[in-house]
Amino acid sequence: MKQPLHLRIAGRVQGVGYRAALQIAAQANAISGWVRNRMDGTVEAVLQGDSAGIESVLAWARRGPPFARVTDLTVEAAQGEFDRPYRGFDCLPAA
């Protein structure tokens, strides 16, 4: 299992079903981790899984669901508390 990736997605990504749709995309690609809204209006996620599944979810994350407008997607290696094994894919409370 590769190191998890930490994502930050900006744009019109809250109130448009982005988190639920990302969770579905992750589960469909056997990706573990989580997604949550941030108080600054962005969405944050951690993805862990095989390369093909990660690439598929990243491609989806750049578009998002129909009413989203993604303006920026930052991807970096998960650090600190985010760098751990994950089981399943959760939708967490806003932070």
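Spatial strand order, E4-E1-E3-E2-E5: 5 strands in an open sheet with mixed pairing. Pairing within the sheet leaves two strands with one partner each, and these edge strands are strand E4 (69-77) and strand E5 (89-91). Neighbouring strand axes in the sheet, compared pairwise and without regard to direction, differ in orientation by 15 degrees on average. Along the sheet, helix H1 (residues 18-28) makes contact with strand E1 (5-12), strand E2 (32-37), strand E3 (43-48), E4 and E5, crossing E5 at roughly 175 degrees. Along the sheet, helix H2 (residues 51-63) contacts E1, E3 and E4; its crossing angle with E4, the most-contacted strand, is approximately 145 degrees.

Interhelical geometry of H1 versus H2 gives an angle of 160 degrees and a closest axis separation of 10 Å. Put simply, H1 runs roughly antiparallel to H2. For the pair H1 and H2, the sense of crossing is right-handed. Residue-level contacts link Tyr18, Ala21, Leu22, Ala25 and Ala26 of H1 to Val57, Trp60 and Ala61 of H2. Partitioned by chemical class, the residues of the contact of H1 with H2 number 8 nonpolar, no polar and no charged.

Let us look at H1. Of the positions making up H1, those classed as buried are Tyr18, Ala21, Leu22, Ala25 and Ala26. When H1 is viewed along its axis, its buried side chains cluster within an angular range of 140 degrees and face the same direction. Set apart from the buried face of H1 by more than 90 degrees, the exposed residues are Ile24 and Ala28. Tucked inside the fold, the buried residues of H1 contact E1, E2, E3, H2, E4 and E5. Looking at the residues trailing H1, positive phi occurs at Ala30, about 55 degrees.

Thresholds, definitions, all that
- Residues numbered from 1 in each chain as written.
- Predicted model: local features only at pLDDT ≥ 70, side-chain atom pairs only at ≥ 80, totals over all residues.
- Heavy atoms only, no water.
- Pairing = 2+ DSSP bridges.
- Helix = DSSP H or I, 4+ residues; strand = E, 2+ residues; numbered from the N terminus.
- Axes fitted to C-alpha atoms, helices over the stretch in contact; angles between N-to-C directions.
- Contact = heavy atoms within 4.5 Å.
- Parallel < 35°, antiparallel > 145°, perpendicular 65-115°, else oblique.
- Left-handed = near helix turned anticlockwise from the far one by under 90°.
- Nonpolar A, V, L, I, M, F, W, Y, C, P; charged D, E, K, R; others polar.
- Buried < 20%, exposed > 50% of the residue type's maximum accessible area, 1.4 Å probe, protein only.
- Arc of directions from axis to C-beta.

Just distances and angles here, no functional claims.
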